[in-house]
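For reference, the chains in residue letters:
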Amino acid sequence: MLKCKDIIKSYNGHRVLNGVSLDISKGEFVVILGASGSGKSTLLSVLSGLERADGGAVECGGANLSELNDSQLTAFRRDKIGFIFQQYYLLSHLSVQNNVKMGADLVGNKDYVKIIEAVGLGDKLKSRPPQLSGGEQQRVCIARALAKNPEILFLDEPTGALDEKTGREVLDYIIKFKAERGITVIMVTHNENIAETAETVVRMNSGKIVETRKNAKPKTAYEIGW
Amino acid sequence: MIISVKDGFKLIGVSVVFFCAAFVCTFMLSYYMDVVSLKDVVSDQFSALYDAQVAMSKFVSVLTGGVLVLIAVIMLVFYIKLYVDSHSKQLGVLKALGFSNAKLAAGFCAFGLSALVGCSLGFACGYSATPFIYESMTIEGMPEVAVTFHYELLLGIVVAPTALFAGIAYGFAYLKLKIPVMHLIKGKESKIRLSGREDKERDFLTEVFFKTLSSKKLLTFFFAFSAFCFSAMVQMGLSMGDLSSEIMGTVILVIGLVLAAVTAFMSVTSLVNANVKTVSLMKTFGYTARERFFSVLGGFIPFAFIGFGIGAAYQYGLLQLMVNVVFADVAEVPAYEFDMPVFFITLGVFVISYAALLALYSLKLSKISVKEVMLEN
């Protein structure tokens, strides 16, 4: 599904990714673990086509992302990718409904209201993000990402800004949707406990993968410690 | 004090407007004051022409100076609002630490420096250009007008605007800083009107298009004003012909181009900077460069053309006014008709220049990445 080989990426002469190789299967739930500065968010940006690698190759569904031009990369993100960020990045001047439409309109999804209802925000369609709690805003992000029917969902510390109760709820939604839709999920986190919910755990340090392991029986969001 | 030299550079647009206002007012008011002193030596034969010259110098300086000062006030207020919005976190933290509104607002007096720089340079250049302007306005048979330095002009064109604008900057900043500390720290997110009109049922791109337009109403004015300056002053400069000297036509044309360029760059830059988050998210989600461009900038383009149209009508009306009112009693004043070829040439140049400017910013928009938004937080 998604494969990368010998990825190298530097910023201002500082090497952030140093020969990273990874192979992710369709429908897999992968957690990329690592401390701050380990290169996990950069890897997420490169895998999703948000940034180009300086060296190596990223392959997704037969296409080599490093060979695509800007328009082709945009089309790749439009057709295949969903994003959820730690800081939500909702458009505060638009309603919940219109924020979700941002994803839905790209693929002509007219059933986006059902997704908003599925994340428990059916009564907040007309609300603006500043009127919502952090957990609710993150659920809007989930709805926005899912509304474009992505094949791969990328999450950058989605529970990082949330308290335990809300964090577990958000994680539970992600696991539930992953199971329902069979999408591939790649999540970056520094929380070791969250890694227990994934099928595959990739640990990074200083721009390299130092460990890859499989969880025989991934736990639910309510079974893990926090 | 959190206002840096770099922030001062952003006010270059205000300085340029002040420069233009001071430049025109200096030589026109100088001319008015010097020519008034000749009243007793002008023969009856030239009295009508003399009166027309006096009226024109007063008319041009009051109209040009007045309009430009008004624009400078709007620009200054716009910049302060923009500054407070973009630095609300720092200002909120300073307020939380115990700085009073008055103390923080005092720092904004530095914005008055934009008036000092623009007016001083404008006054100096205007005064230097005075002999050439006088020469170009000399009419055969009329007594020669001697250039005199008027201290009251220095006071009225440089000192007074500087003090006035420092005061306006202080007063407006003081009002803006009356926002509660937490609202300042949370930034503009907290200022979204929560009880506003409900969103209409329209697709995402249309919604962004209208929301961007309605949230930046003042920018629609600057888009229109920029095109207005271009249209009115370029056409006036090119089609004044026999109504005035060549040098006056050139001055008007150059001022028009400078004002149009400064306000156009200021408007588009402010618009793009205010929409970095929207654009980067749209890019992340896979919206094309064209979709991003039209949803953010597209709504403002019609206003530029409206401004152009008003500018064309304005310059025609103004020149008709000069011919029919100011020079009404003067014999042999050339007829003035709307200059169609000049209109179409100006429109063509405007369309090409605008397309180039928008293409430049379209490129800038396409380079914005989600990393820029992440780094902001």
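What counts and what doesn't
- Residues numbered from 1 in each chain as written.
- Chains lettered and ligands numbered in written order.
- Predicted model: local features only at pLDDT ≥ 70, side-chain atom pairs only at ≥ 80, totals over all residues.
- Heavy atoms only, no water.
- Domains from an automatic or database assignment.
- Buried area = accessible area lost by both parts, 1.4 Å probe.
- Salt bridge = Lys/Arg side-chain N within 4 Å of Asp/Glu carboxyl O.
- Polar contact = N/O pair within 3.5 Å; in protein donor to acceptor, adjacent residues only side chain to side chain.
- Helix = DSSP H or I, 4+ residues; strand = E, 2+ residues; numbered from the N terminus.
- Nonpolar A, V, L, I, M, F, W, Y, C, P; charged D, E, K, R; others polar.
- Pairing = 2+ DSSP bridges.
- Axes fitted to C-alpha atoms, helices over the stretch in contact; angles between N-to-C directions.
- Contact = heavy atoms within 4.5 Å.
- Buried < 20%, exposed > 50% of the residue type's maximum accessible area, 1.4 Å probe, protein only.

1. Describing the domain arrangement of chain B
All names here are of chain B.
Then comes step 1: One can read the domain layout of chain B as domain 1 (1–188) and domain 2 (193–377).
Then comes step 2: Taken over C-alpha atoms, the centre of domain 1 sits 22 Å from the centre of domain 2.
Then comes step 3: Surface buried jointly by domain 1 and domain 2 totals about 2300 Å² across both partners, of which 89% is contributed by carbon and sulfur atoms.
Then comes step 4: Contact with domain 2 buries surface across domain 1, with Met-56, Phe-59 and Phe-78 losing the most and accounting together for 22% of the total.
Then comes step 5: The interface formed by domain 1 and domain 2 contains 0 salt bridges.
Then comes step 6: In this structure, the connection of domain 1 to domain 2 is made through 0 residue pairs in polar contact (both at pLDDT 80 or more).
Then comes step 7: Counting only elements with at least two residues in the side of domain 1 that touches domain 2, the list comes to helix H2 (12–36), helix H3 (47–86) and helix H6 (112–137).
Then comes step 8: If one sorts the elements of the side of domain 1 that touches domain 2 by residue count, H3 sits on top with 14 residues.
Then comes step 9: Residue classes in the side of domain 1 that touches domain 2 are distributed as 23 nonpolar, 2 polar and 1 charged.

2. A closer look at the sheet that holds strand E10 (residues 208–214) of chain A
All names here are of chain A.
Then comes step 1: What the 6 strands build is an open sheet, ordered E6-E7-E8-E3-E9-E10; its pairing is mixed. What marks the edges here is a single partner per strand, and that holds for strand E6 (81–85) and E10. Strand-to-strand twist in this sheet, taken as the mean axis angle between neighbours without regard to direction, amounts to 15°.
Then comes step 2: Here strand E7 (residues 152–156) pairs with strand E8 (residues 184–189) via 5 bridges, running parallel. Bridging from a neighbouring strand, Asp-156 pairs with Val-188 of E8.

3. A look at the packing of helix H9 (residues 204–215) of chain B against helix H13 (residues 289–296) of chain B
Residue and element names in this part refer to chain B.
Then comes step 1: In the contact formed by H9 and H13, the axes pass within 7 Å of each other and the chain directions differ by 35°. Contact residues: Leu-205, Val-208, Phe-209 and Thr-212 in H9; Glu-291, Phe-294, Ser-295 and Val-296 in H13.
Then comes step 2: Among the residues making up the contact of H9 with H13, the classes are represented as 5 nonpolar, 2 polar and 1 charged.

4. Focus: the environment of Lys-26 of chain A
Residue and element names in this part refer to chain A.
Then comes step 1: Tracing the backbone through its elements, the reader meets Lys-26 in the loop between strand E2 (14–24) and strand E3 (29–34).
Then comes step 2: On the basis of relative accessibility, which here comes to 66%, the residue Lys-26 falls in the exposed class.
Then comes step 3: For Lys-26 and Ala-63, which are 37 residues apart along the polypeptide, the C-alpha to C-alpha distance reads 15 Å.
Then comes step 4: Lys-26 has contacts with Met-1 and Thr-184, leaving out every residue within four places of it along the chain.

5. Focus on the pairing of E3 of chain A
Residues and elements named next belong to chain A.
Then comes step 1: Here E3 lies mainly inside the structure; 6 of its 6 residues are buried.
Then comes step 2: Across the two faces of E3 the burial is the same, with Phe-29, Val-31 and Leu-33 and Val-30, Ile-32 and Gly-34 all buried.
Then comes step 3: Note: E3 against E8, 5 bridges, orientation parallel. For Ile-32, the partnering residue across the bridge sits in E8 and is Val-188.
Then comes step 4: As paired elements, E3 and strand E9 (residues 200–205) share 5 bridges and run parallel to each other. For Val-31, the partnering residue across the bridge sits in E9 and is Val-201.

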